[in-house]
Amino acid sequence: MSHSGRGLTVQSEADLSSSFSTFSESTVELLGLSGDGAYEVIGCELASAAGDGIRIDDIDRNNVPDGGSARVTVRDTVVRRVASWGIRAYQDHRDARVVLDHVSAWRNTAGGLLIHRLSPESEIRITSSLVAENGQGIYLSAGLLPVLSHNDVWSNDGGRDWRGVDRGDGSISLNPL
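Residues numbered from 1 in each chain as written. Predicted model: local features only at pLDDT ≥ 70, side-chain atom pairs only at ≥ 80, totals over all residues. Heavy atoms only, no water.

1. A few points about the overall build of the protein chain
Phase 1: The helix and strand inventory of the protein chain stands at 0 helices and 17 strands.
Phase 2: At a minimum sequence separation of 6, the contacts of the protein chain that also span at least 24 residues come to 63%.
Phase 3: Accessible surface computed for the protein chain: about 7,800 Å², of which carbon and sulfur atoms make up 44%. (Helix = DSSP H or I, 4+ residues; strand = E, 2+ residues; numbered from the N terminus. Contact = heavy atoms within 4.5 Å. Areas by Shrake-Rupley, 256 points an atom, 1.4 Å probe, with all protein chains shown as cover.)

Encoded structure:
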């Protein structure tokens, strides 16, 4: 199923359908998610959005039950040629987890991945991902380091592959071809 010219905004589990695969000229937004939900974007291709490809923001903020947490996983997904960031992940709430696994961010104007993590109890994990030929590679705009491992970040403008982050175990900066 393809979506063109309109985005998908997810604010609850009921909003997220697993039946989409390609988005053209649109943005997937995961905003203000709460509770004990596990939200997933798997096997998608996002291209030519006017803003960010995927925006993850305010997960679980002020709505989490005692002991609860929300988890967002973006896996096996390609974000390419968007006007801003391939994926923008803001996380400042405790007990929330964002996992970006096997994500490809390619030729996005502002950059591949923008990370903003303020709470030491939250987690942002980026694994086995390819970030190439963007305005910037992986950029920590504020806060605490995400956990990175086995990523390939290369050929981003001005050599800005890793900004404010540690590469992590097994990560490289080489063209795989």
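Further notes follow.
2. Examining the packing of aromatic side chains
Phase 1: Under the definition given, this model contains 1 aromatic pair.
Phase 2: With 6.2 Å between their ring centres and 20 degrees between their planes, tryptophan 85 and tyrosine 139 make a pair best called stacked. Of the two residues, tryptophan 85 sits in strand S9 (residues 85-91) while tyrosine 139 sits in strand S14 (residues 138-143), which places them 54 residues apart along the sequence.
Phase 3: Its guanidinium or amino end placed over the ring of tyrosine 139, arginine 163 lies 4.4 Å from that ring's centre, counting from NZ or CZ. (Phe/Tyr/Trp six-rings, centres within 6.5 Å; stacked < 30°, edge-to-face > 60°. Lys NZ or Arg CZ within 6 Å of the ring centre and 35° of its normal.)

3. Comments concerning the environment of glycine 137
Phase 1: Summarising the element assignment, glycine 137 is placed in the loop between strand S13 (130-132) and S14.
Phase 2: The class of glycine 137 is buried, set by a relative accessible area of 0%.
Phase 3: Sequence separation between glycine 137 and aspartate 161 is 24 residues, and the spatial gap between their C-alpha atoms is 4.2 Å.
Phase 4: Among residues more than four places away in sequence, those in contact with glycine 137 are Trp85, Gly111, Gly112, Leu113, Val131, Val153, Asn156, Arg160 and Asp161. (Buried < 20%, exposed > 50% of the residue type's maximum accessible area, 1.4 Å probe, protein only.)

4. Topic: the nonpolar core
Phase 1: Formed by 29 residues in total, the largest nonpolar core has its most connected members in Ile54, Ile56, Val74, Ile87, Leu100 and Ile138.
Phase 2: Mapped by element, the contributors of at least two residues to this core are strand S5 (38-42), strand S7 (54-57), strand S8 (70-80), S9, strand S10 (96-106), strand S11 (111-117), strand S12 (123-127) and S14.
Phase 3: The biggest single contributor to this core is S10, with 4 residues. (Core = buried A, V, L, I, M, F, W, Y, C linked by side-chain atoms within 4.5 Å.)

5. What about the pattern of salt bridges?
Phase 1: Counting across every chain of the model gives 6 salt bridges.
Phase 2: With a shortest N-O distance of 2.6 Å, arginine 88 and aspartate 52 are connected by a salt bridge. Residue arginine 88 is located in strand S9, and its partner aspartate 52 is located in the loop between strand S6 (45-47) and S7; the two are separated by 36 residues in the primary sequence.
Phase 3: Assessed through its relative accessible area of 16%, arginine 88 is described here as buried.
Phase 4: For glutamate 123, the salt bridge is made with arginine 125, and the minimal N-O distance between the two is 2.6 Å.
Phase 5: By relative accessible area, glutamate 123 is classed as partly exposed at 21%.
Phase 6: If you follow the salt bridges from partner to partner, you end up with Arg97, Glu123 and Arg125 in one network. (Salt bridge = Lys/Arg side-chain N within 4 Å of Asp/Glu carboxyl O.)

6. Remarks on the pairing of S14
Phase 1: Bridging between S11 and S14 involves 5 bridges; their strand directions are parallel. Pairing of histidine 116 across the sheet is with alanine 142, part of S14.
Phase 2: Sheet topology note: the S14/strand S17 (residues 162-163) ladder contains 2 bridges and is parallel. By the bridge assignment, tyrosine 139 is partnered in S17 with arginine 163. (Pairing = 2+ DSSP bridges.)

7. Quick look at the environment of isoleucine 126
Phase 1: Tracing the backbone shows isoleucine 126 in strand S12.
Phase 2: A sequence separation of 12 residues divides isoleucine 126 from isoleucine 138, and the C-alpha atoms of the two residues are 9.7 Å apart.
Phase 3: If we skip the residues at most four places from it in the chain, isoleucine 126 touches Leu100, Leu113, Ile115, Ile138, Val147, Leu148, Ser149 and Asn151.

8. Focus: the side chain of threonine 73
Phase 1: Within the element layout of this structure, threonine 73 appears in strand S8.
Phase 2: Setting aside its immediate chain neighbours within four residues, threonine 73 contacts Tyr39, Glu40, Val41 and Val99.

9. Some details on the confidence of the model for the protein chain
Phase 1: Within the protein chain, residue pLDDT values average 79, and 71% of them lie at 70 or more.
Phase 2: Long-range and interchain partners of residues 1-21, a stretch whose pLDDT sits below 50, account for 49 contacts in this model, where long-range means more than four residues apart. (pLDDT = per-residue confidence, 0-100.)

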